[in-house]
Every structure is written in structure tokens, then in C-alpha cells.
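Okay, here's what each chain looks like letter by letter:
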Amino acid sequence: MPDVVVFGSLNLDLVAEVAELPRPGETVTSGRFRRCRGGKGANQAVAARRLGASVAMVGAVGVDDHAEQLLRGLNGESVDTTRVRQVGTDTGLALILVSATGENVITVVPGANNEVGEADARAAAGALGPGAVLLSQLEVPLAAAASAVRQARTAGARTVLNAAPVRPLPAALLADVDVLLVNQSEAEALSGSHARSADEATAAGRRLVAAGARSVVITLGAAGAVVVDADRAVAVSGFPVRAVDTVGAGDAFAGALAATLAAGSDLITAARVGNAAGAVAVQRHGAQEALPHRDELSPLLAARPGAGQPAPVFGGGEPLPPVTGRGLASSTDRGSGSAA
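Because the structure is predicted, anything quoted here is derived from the model rather than measured.

About the thresholds
- Residues numbered from 1 in each chain as written.
- Predicted model: local features only at pLDDT ≥ 70, side-chain atom pairs only at ≥ 80, totals over all residues.
- Heavy atoms only, no water.
- Pairing = 2+ DSSP bridges.
- Helix = DSSP H or I, 4+ residues; strand = E, 2+ residues; numbered from the N terminus.
- Axes fitted to C-alpha atoms, helices over the stretch in contact; angles between N-to-C directions.
- Contact = heavy atoms within 4.5 Å.
- Salt bridge = Lys/Arg side-chain N within 4 Å of Asp/Glu carboxyl O.
- Buried < 20%, exposed > 50% of the residue type's maximum accessible area, 1.4 Å probe, protein only.

Caption draft 1: Molecular detail of the sheet that holds strand β3 (residues 32–38). Sheet architecture is open: four strands sit in the order β3-β2-β6-β7, paired in mixed fashion. Looking at strand neighbours, the two that pair on one side only are β3 and β7 (104–109), the edges of this open sheet. On average, each strand axis in the sheet is inclined to that of its neighbour by 15 degrees, with strand direction left out of account. With six bridges joining them, strand β6 (residues 92–98) and β7 adopt antiparallel strand pairing. If you follow I96 over to β7, its bridge partner there is I106. Packed onto the sheet, helix α2 (residues 65–76) meets β2 (11–17), β3 and β6 and runs at close to 60 degrees relative to β3.

Caption draft 2: The arrangement of the environment of V98 in detail. Position of V98 among the secondary structure elements: in strand β6. On a C-alpha basis, the gap between V98 and R32 in space is 10.0 Å, while along the polypeptide they are 66 residues apart. Leave out the neighbours within four places in its chain, and V98 touches V15, A16, E17, V18, L21, E103 and N104.

Caption draft 3: Spatial organisation of the pairing of strand β5 (residues 80–86). Note: strand β4 (residues 55–61) against β5, five bridges, orientation parallel. Bridging across to β5, G59 finds its partner in V84.

Caption draft 4: Looking closely at the pattern of salt bridges. Considering all chains together, one arrives at 13 salt bridges under this definition. Where R32 meets E17, a salt bridge forms, and the shortest distance between an N and an O atom there is 3.4 Å. You can see R32 sitting in strand β3 and its partner E17 sitting in strand β2, a full 15 residues away along the chain. On the accessibility criterion, R32 (46% relative accessible area) is partly exposed.

Caption draft 5: Here's a closer look at the pairing of strand β12 (residues 224–229). Among the six residues of β12, five are classified as buried, and the element is accordingly described as predominantly covered. Looking at chain direction, strand β11 (residues 215–219) and β12 are connected through five bridges and run antiparallel. Looking across to β12, one finds that S215 is bridged to D229. Direction of pairing for β12 relative to strand β13 (residues 233–237): antiparallel, over a ladder of five bridges. Counterpart to V228 in the pairing with β13 is A233. The antiparallel hairpin formed by β12 and β13 contains three residues in its connecting segment.

Structural data, given as C-alpha cells:
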């Protein structure tokens with residue numbers, strides 16, 4: 001059985017780089033066009049696999065050239081795609097314009113992702129066993145994601161919900177979530193409170209725990225992340241790096257977190273590894289292209305080894321250096337880029 005089952009979206013990203021974003025009614029020319037494999041689900045599956053976890057992807061694509069490109073990419077990463085269905089509609093697309101200053105506008109055409117349903121939730125649960133991790137996002141129908149999470153818990157797996165794109169979460173879904181993973185804006189939308197600093201994010205996390213989540217991880221960009229549960233709140237430092245493109249950071253963090261949990265590490269360690277994965281990803285362009293391999297995390301983690309935490313081991317390889325979180329009383333390192 002796989003270590004991590006990812007239940008989520010697969011999209012082909014059509015990216016055009018322009019000098020300035022067009023105004024309504026304006027036509028602009030692009031200096032560069034790229035077709036990139038994407039979708040939060042597929043990105044997170046690749047992120048977890050590159051850290052050595054065995055990974056199965058569950059989702060849907062169309063019967064078209066875009067689907068072939070996405071499946072070929074996942075298979076090339078040794079992600080199990082036998083539970084990705086091909087359905088009678090177009091593969092999901094994301095139409096992205098990126099300006100010279102890094103601003104972007106994105107239109108997502110869900111396509112086949114909207115066809116993910118109960119049968120797929122059952123397929124995900126059937127691939128899971130005790131100790132495995134289900135990682136889901138919300139680029140597929142909410143009812144399907146909720147069913148997958150519920151059935152995963154019944155199977156004895158650990159459940160991680162990356163609540164992106166953000167939408168209201170039913171109480172029953174929150175009750176089945178072991179780890180709710182959100183960024184600052186998502187935390188604010190779900191909690192109704194600010195999450196701009198570690199202290200504010202901690203308060204928002206406590207509100208989300210009170211609403212039913214067992215634990216909450218809120219990513220803070222360059223500042224790292226906070227981990228909150230009913231008993232504690234811990235700030236996990238980020239890694240100061242020079243960011244050139246943050247598009248892949250959140251998915252790098254999510255995949256690394258799931259892989260580290262599946263390897264038997266605790267949530268603080270998993271968040272630390274997630275920070276390192278995000279820090280590597282933001283130093284290069286793209287989403288899946290930017291996702292790090294496990295050996296790329298070692299220099300970051302070794303630069304600030306922890307004391308006494310078990311080191312995560314992926315896929316039978318050598319353990320990464322030990323890592324720890326730091327209490328909120330400690331200062332949080334800030335750099336120009338890290339996990340989203």
C-alpha cells in the first residue's frame with residue numbers, strides 16, 4: 001500500500017508571460033508561453049514522491065492530449081496513477097498570465113476535476129491502511145473530498161486537508177481532519193480573525209481547533225509556520241532564502257508534510273521539513289518543476305539541526321538531519337522567501 005494517497009486535482013497550466021497585465025478590452029502580446037503540469041493534487045503528489053514516499057494519485061482527467069501529458073509526467077515521477085479515471089470531458093486547465101513584476105491573473109477551468117466523486121473516494125480509501133496519510137485539497141467537489149477524508153479515517157489513516165481554494169468547511173468534515181493545512185489568507189477566511197503574524201495565526205489556529213479540527217498548520221511565508229492543537233502552539237521557523245517564484249511553495253510544503261508524517265515523524269518535524277521544501281521551491285521558477293528532491297533539503301536542515309527529535313526517513317534512504325520546532329516565545333527567523 002502507498003505511504004501517501006493524494007485525492008485531488010490534475011490541471012494543465014497554460015502560462016503566458018507578458019510585460020503588463022491587459023486592461024479590460026486590451027490585447028497584449030506574450031514574450032514566452034509554457035505548458036506546465038499542474039493542479040494542486042498532482043503537484044502535491046510529486047512533492048511527496050520526490051521526498052521518497054510511495055504515492056498514489058486519485059482524481060480524474062479527460063480523454064485528450066492534455067491528460068496524456070499529465071499522466072506521463074506523474075508516471076515519470078513513479079506516482080501510481082491507476083486510480084486516476086479518464087472521463088468524457090476535458091482535462092482541467094489553468095489559464096495564467098504573468099507580468100514582468102510577478103503579478104498574475106488566473107482562470108481555472110475545472111473540467112474533469114468536477115467529475116471526481118464517491119467512487120473515487122472509495123478508491124482512495126481502498127488504497128489506505130493504518131499509518132498511511134490521505135492528503136486532499138479543495139480543487140475537487142467538496143462532497144467528494146469530505147467522503148474521502150471520512151473513509152480514510154475509518155481505514156485508520158491519518159488525514160490532511162489543505163483547504164485551498166478556501167471555502168466554508170462543514171463541521172462534520174472538520175471533525176474527520178487530523179491536520180488542517182492553510183495559509184494566512186485561508187486561515188483568516190475560515191477563522192474570521194487576522195493571521196498576519198505568528199501570534200495572530202496562533203489565535204486563528206485555536207479558533208479552528210475549537211471548531212473541530214484536531215490540529216492546524218498555518219503557513220506564514222518566509223516566517224515559517226505555526227502548529228496548533230488543543231494542548232500547544234508552536235512556531236516553526238522558516239529558512240531565509242531569496243525567492244524568485246512562490247507559485248510552488250504551498251504545494252511543496254503540503255507534499256513534504258504528508259511524506260514526513262507517513263515516515264512516522266511528528267507534526268512539528270513535518271512542518272519543519274515542509275518549510276525547507278518550500279524554501280527550496282521558491283528559489284526557482286514553476287510549480288512541479290521547482291519541487292525539491294530529498295537530498296536538496298539536507299543542507300537547509302543540517303544548517304540548523306534540532307535537539308532530540310527523530311529524523312524523518314523516506315523510502316528506505318538515509319535519514320535527513322534531526323529537526324525541531326521552537327516555542328512561540330522564541331524569535332521567528334524571517335527571510336525573503338520560504339514556504340507559502
